Amino acid sequence: MEVAAKAVAVARRLLERGATIVTEDGERALDPKDIGLAASHRVMNTRMLDALGKLAEEGVRVDTPERWQGLERQVMIVVHPLSSVVRPSAF
């Protein structure tokens, strides 16, 4: 799925370009453990997880929006529920 690859590419670019974050403790480099990816479809999450490769082992987390409730990361990359839907239903 191209959308999964694009979402993962955003995470990779942030890390490769040395993005920094500002927190209560000051400024620091973005770490893989600071990044979360979310999609409402499990198939999409599986594709993103596969595309992450080593970054998943380093702490980038992928899950559904429901499972992200109550959790947080400094950077969230979220795939819109209608992404990759060719024929959306009336619902």
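See the structure above.
Definitions and cut-offs
- Residues numbered from 1 in each chain as written.
- Predicted model: local features only at pLDDT ≥ 70, side-chain atom pairs only at ≥ 80, totals over all residues.
- Heavy atoms only, no water.
- Helix = DSSP H or I, 4+ residues; strand = E, 2+ residues; numbered from the N terminus.
- Buried < 20%, exposed > 50% of the residue type's maximum accessible area, 1.4 Å probe, protein only.
- Contact = heavy atoms within 4.5 Å.
- Areas by Shrake-Rupley, 256 points an atom, 1.4 Å probe, with all protein chains shown as cover.
- Axes fitted to C-alpha atoms, helices over the stretch in contact; angles between N-to-C directions.
- Parallel < 35°, antiparallel > 145°, perpendicular 65-115°, else oblique.
- Left-handed = near helix turned anticlockwise from the far one by under 90°.
- Nonpolar A, V, L, I, M, F, W, Y, C, P; charged D, E, K, R; others polar.
- Polar contact = N/O pair within 3.5 Å; in protein donor to acceptor, adjacent residues only side chain to side chain.

Engineer: An account of the overall build of the chain is needed here, citing residue identities and associated values.
Structural biologist: Scanning the chain from terminus to terminus reveals four helices and five strands. Helices (α) and strands (β) of the chain occur, in sequence order from the N terminus, as α-β-β-β-α-α-β-α-β. Going through the 91 residues of the chain one by one, you find that 30% of them count as buried. Pairs at least 24 residues apart make up 64% of the contacts formed inside the chain by residues separated by at least 6 positions. About 6,300 Å² of surface is accessible on the chain, with carbon and sulfur atoms providing 51% of the total.

Engineer: Tell me about the packing of helix α1 (residues 2-16) against helix α2 (residues 42-52), and name the residues and values.
Structural biologist: A pair of packed helices is captured by two measures, namely the crossing angle of their axes and the spacing between those axes. Taken N-terminus to C-terminus, the directions of α1 and α2 make an angle of 45°; their axes are 9 Å apart at the nearest point. When the axis of α1 is compared with that of α2, the two are oblique. In the packing of α1 onto α2, the handedness of the crossing is right-handed. In this structure, α1 uses Val3, Ala4, Ala7, Val8 and Arg12 to contact α2, whose residues at the interface are Met44, Arg47, Met48, Ala51 and Leu52. Broken down by class, the residue content of the contact of α1 with α2 amounts to eight nonpolar, no polar and two charged.

Engineer: So what about the side chain of aspartate 63? Which residues, and what values?
Structural biologist: Relative to the elements of secondary structure, aspartate 63 occurs in strand β4 (residues 61-63). Separated by 3.2 Å, the side chains of aspartate 63 and arginine 61 make a polar contact. Sequence-distant contacts of aspartate 63, defined by excluding residues within four places in its chain, comprise Leu37, Ala38, Ala39, Arg42, Asn45 and Trp68.

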